[in-house]
Amino acid sequence: MRRSFTFIWKVIAVTILSLTVAGCKEAEPVKEDGQENLHLSVFTDGEQPSANNKIYQKLKEELHVEFEFVTYTGDGEQERKAMAASGDYTDILDASELLIDRGGAVPLEDLLPDYPNLYSHYEPYLELMTEEDGHIYILPDYGILQGEALQVKNNWRSGFFIQKAVLSEFGYPKIATLDEYFDLIERYMERYPELYGEKTIGYTICNDGTSNYGLVNPPALLAGYPNNANCIVDPVTNIAFDFRTEDISRRFYWKLCEEYEKGVIDPEACIISHEQYLDRLSKGNVLGFADETWNINDANTYLGKKGMNERTYVSVPLVYEEGIREQYMDYNTVSMTSGFMISVDCESPEKVLELFDTLLDEKWQKLFSWGIEGEDYLVDEEGMFYRTQEMRVEQYTEDWDYKNSAETLFDHLPKIEGTYSDGNAATVGNQLREFQETLTEYDRQFLGNYHMTSWGDFFLDPLEQPVYFPTWRFSPVDGTPAEIASSRATACNTAWIPRVITCGTENFDGMWLQYCEEYKQTGYENFIQYINECIQESLS
């Protein structure tokens, strides 16, 4: 589920973002040189662009569209509820089941066939995009591939992260188990009790709203299951079951309890916000954590831009013991809970869909992903895109995106992934030449010491998964027994798992039993029943 906004809206009223936040319903079209511009307010995460951002200027000049971004940080579910209560929505919303349930989004299934680019893009997935009420509200942003397979192997999802400096220090070992991982971290802490003038933190955990992947997802992954997140599914019977109070979970939290007692785990783990968590990872004194790559990549990018390459993190797949086949990577799955919706306050949903249809053209997709030809990238004699070293250095500076990228809009737009019709990668980082050229000398040597060519090489190739995978995309209607049970279980995990981790090994058994007892009261079996119904429907 994506996040939402606070009523202290973070809006910069500049030329591109032209209207004040007085309420979306009162927005008026803007006329320039006799041409009426379409003004759209967009509620999303991300950064406010600069007033002279060249990509938004190009959209304004050629498509006569302007954007007013209402951005936010953090989880934002409470703010979403406040938005729904006010009944005042921006024209475009990032995906939210809560806002769908509260009637804030426009059904799109009858409109999509009129927009050929959008319809052909989504046609194979229309059934998956359809909510329980029979309507389509969310236009997924990620997971729809075209053309050839990705040129560079990457894992943007789950893993255990460790500083490259730790692996380098001990001769680039291959670590496969949780015990080996923490043993390495403990040994490094003994050698370097302080880093950059601060105490070395061996391991930290984020427990902030929905950004708690490293707290609740690892048990199933360590046991060799794929990342369904909310359950485990028996691959033979296709029946889902809960793993939260099973031995595979107890084993993980016992290990964390041991490490906490040793002083390896951050004393403020589980109580810091997501923003504080990323800030902590960006300092260079945190050695490890579990998370999803996309959720922490800002910290890695920041460290790299600061020239602290040895302090950037590499994701590795851990299991409990040798012999377990890890399943951290999966084939690209269409993100059914992430993307854009059109709100009921939008005066012309058709104009928004027409715009989205236009922006799915490769001309605009290339502009969003690569920039402006001749300025941000060049084309060689074989038609392949590349950048000069000067371009790469410039685009890696901290404020470049602010002036030259439309990521705040593009992140949740319908998009092409994979390769374009001319064979170029749909993202710069997946163009093999660019990936190799953008590696720092440190990273090139680091990968070379592991005899690897990309960060995804640390992981086994994904196995074919059933049609219902991943089950985290199934979201029950707000207020149903399944949704209530899921919410209660989330609250229980948020409150009780940190107690289990920090109680001390002598008290662990008693605290674990208390947690299990509290967890039983959530009624999570209602959610598991819902998941099994979704699985059977997917298989039918």
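Criteria and cut-off values
- Residues numbered from 1 in each chain as written.
- Predicted model: local features only at pLDDT ≥ 70, side-chain atom pairs only at ≥ 80, totals over all residues.
- Heavy atoms only, no water.
- Helix = DSSP H or I, 4+ residues; strand = E, 2+ residues; numbered from the N terminus.
- Rg over C-alpha atoms; globule rule 2.2 N^0.38 Å.
- Buried < 20%, exposed > 50% of the residue type's maximum accessible area, 1.4 Å probe, protein only.
- Areas by Shrake-Rupley, 256 points an atom, 1.4 Å probe, with all protein chains shown as cover.
- Pairing = 2+ DSSP bridges.
- Axes fitted to C-alpha atoms, helices over the stretch in contact; angles between N-to-C directions.
- Contact = heavy atoms within 4.5 Å.
- Left-handed = near helix turned anticlockwise from the far one by under 90°.
- Nonpolar A, V, L, I, M, F, W, Y, C, P; charged D, E, K, R; others polar.
- Phe/Tyr/Trp six-rings, centres within 6.5 Å; stacked < 30°, edge-to-face > 60°.
- Lys NZ or Arg CZ within 6 Å of the ring centre and 35° of its normal.
- Expected span 1.5 Å × (residues − 1).
- Arc of directions from axis to C-beta.
- Polar contact = N/O pair within 3.5 Å; in protein donor to acceptor, adjacent residues only side chain to side chain.
- Parallel < 35°, antiparallel > 145°, perpendicular 65-115°, else oblique.
- Salt bridge = Lys/Arg side-chain N within 4 Å of Asp/Glu carboxyl O.

K.L.:
What am I meant to see in the overall build of the protein here?
P.N.:
When its secondary structure is counted, the protein shows 22 helices and 17 strands. Taking 24 Å as the expected radius of gyration for a compact globule of 540 residues, we find that the protein reaches 24 Å, a close match to that expectation. When its C-alpha atoms are laid out on the principal axes, the protein stretches across 75 × 55 × 45 Å. Among the 540 residues that make up the protein, the fraction classed as buried is 55%. Surface summary for the protein: the accessible area is close to 23400 Å², and the carbon and sulfur share equals 48%.

K.L.:
Help me out: how do you make sense of unusual backbone geometry in this one?
P.N.:
Omega for the peptide link from Phe-469 to Pro-470 comes to -5 degrees, which places this bond in the cis form. Its place among the elements puts Pro-470 in the loop between α19 (441-449) and α20 (481-502). With phi around 55 degrees, His-64 is a residue other than glycine that occupies positive phi space. Secondary-structure assignment places His-64 in the loop between α1 (54-63) and β3 (65-72). Of note, the phi angle at Cys-270 is positive, near 80 degrees, even though the residue is not glycine. Position of Cys-270 relative to the elements: it lies in the loop between α10 (247-262) and α11 (274-281).

K.L.:
How should I be thinking about the pairing of strand β12 (residues 288-292) in this particular structure?
P.N.:
A large share of β12 lies buried, amounting to 5 of its 5 residues. Side chains Gly-288, Ala-290 and Glu-292 project from β12 onto one buried face, and the interleaved Phe-289 and Asp-291 project onto a second face that is buried too. The pairing of strand β7 (residues 158-163) with β12 spans 5 bridges and is classified as antiparallel. Each residue of the ladder has a partner; that of Phe-160, found in β12, is Ala-290.

K.L.:
Please explain the sheet that holds β7 as it appears in this structure.
P.N.:
As a general point, the strands of a sheet are linked pairwise by backbone hydrogen bonds and lie either parallel or antiparallel. The 3 strands are arranged β12-β7-β13 in an open sheet whose pairing can be described as antiparallel. Looking at the sheet topology across the chains shown, the edges are occupied by β12 and β13 (313-316). The mean inter-strand angle of the sheet, taken between neighbouring strand axes irrespective of direction, is 35 degrees. In the sheet, β7 pairs with β13 via 4 bridges, with the strands oriented antiparallel. Of the residues in β13, the one forming a bridge with Gln-163 is Tyr-313. Each of β7 and β12 touches helix α7 (residues 178-191); the most contacted strand, β7, lies at about 25 degrees to it.

K.L.:
Hey, could you run me through the packing of α11 against helix α12 (residues 293-305) in this one?
P.N.:
To describe two helices that pack against each other, one gives the angle between their axes and the distance between the axes. Where α11 meets α12, the closest approach of the two axes is 8 Å, and the angle between their N-to-C directions is 35 degrees. Both α11 and α12 take part in a crossing whose hand is right-handed. On the side of α11, the interface is formed by His-274, Tyr-277, Leu-278 and Leu-281, while α12 contributes Asn-295, Ile-296, Ala-299 and Leu-303. Its residues assigned to classes, the contact of α11 with α12 shows 6 nonpolar, 2 polar and no charged.

K.L.:
When you look at the packing of aromatic side chains in this model, what are you seeing that I'm missing?
P.N.:
Each pair of aromatic rings is reported with the distance of its centres and the angle of its planes. This model, assessed by the stated rule, comprises 35 aromatic pairs. Considering the side-chain rings of Tyr-377 and Phe-385, the 4.6 Å spacing of their centres and the 40 degrees angle between planes classify their relative orientation as tilted. Residue placement shows Arg-433 over the ring face of Tyr-386; its charged tip is 4.2 Å from the ring centre.

K.L.:
Could you clarify how one ought to interpret helix α21 (residues 508-520) in this entry?
P.N.:
Since the α-helix advances by 3.6 residues per turn, residues separated by three or four positions end up pointing in the same direction. Taking 1.5 Å per residue, 13 residues should reach 18 Å; α21 reaches 18 Å between its end C-alpha atoms and fits that length. Considered for burial, the residues of α21 that qualify are Phe-508, Met-511, Trp-512, Tyr-515, Cys-516 and Tyr-519. The arc that holds the buried residues of α21, viewed along the axis, is 140 degrees, so those residues lie on one side. Exposed residues lying more than 90 degrees from the buried face of α21 are Leu-513 and Lys-520.

K.L.:
Got a minute to help me understand the side chain of Asn-207 in this structure?
P.N.:
The topology assignment puts Asn-207 in the loop between β9 (198-199) and α8 (213-216). What makes Asn-207 buried here is its relative accessible area of 7%. A distance of 3.5 Å separates a polar atom in the side chain of Asn-207 from the backbone oxygen of Cys-270. Among the polar contacts listed, one links the side chain of Asn-207 to the backbone oxygen of Thr-494, at a separation of 3.0 Å.

K.L.:
So what exactly am I meant to see when it comes to the packing of α7 against α10 here?
P.N.:
Remark: α7 packs on α10, axes separated minimally by 12 Å, with the N-to-C direction vectors making an angle of 10 degrees. Classified by the interaxial angle, the pair formed by α7 and α10 is roughly parallel. For the pair α7 and α10, the contacting residues are Leu-178, Asp-179, Phe-182 and Glu-186 in the first and Phe-252, Lys-255, Leu-256, Glu-259 and Lys-262 in the second. Tallied by class, residues from the contact of α7 with α10 come to 4 nonpolar, no polar and 5 charged.

K.L.:
Please clarify how the pattern of salt bridges should be interpreted in this entry.
P.N.:
A side chain with one charge can pair with a side chain of the opposite charge if their charged atoms come near. Per the counting criterion, the structure on display carries 26 salt bridges. Note that Glu-62 is salt-bridged to Lys-363, the shortest N-O span being 2.9 Å. Residue Glu-62 is located in helix α1, and its partner Lys-363 is located in helix α14 (residues 362-370); the two are separated by 301 residues in the primary sequence. When its relative accessible area of 35% is taken as the criterion, Glu-62 is described as partly exposed. Given a relative accessible area of 48%, Lys-363 falls into the partly exposed group.

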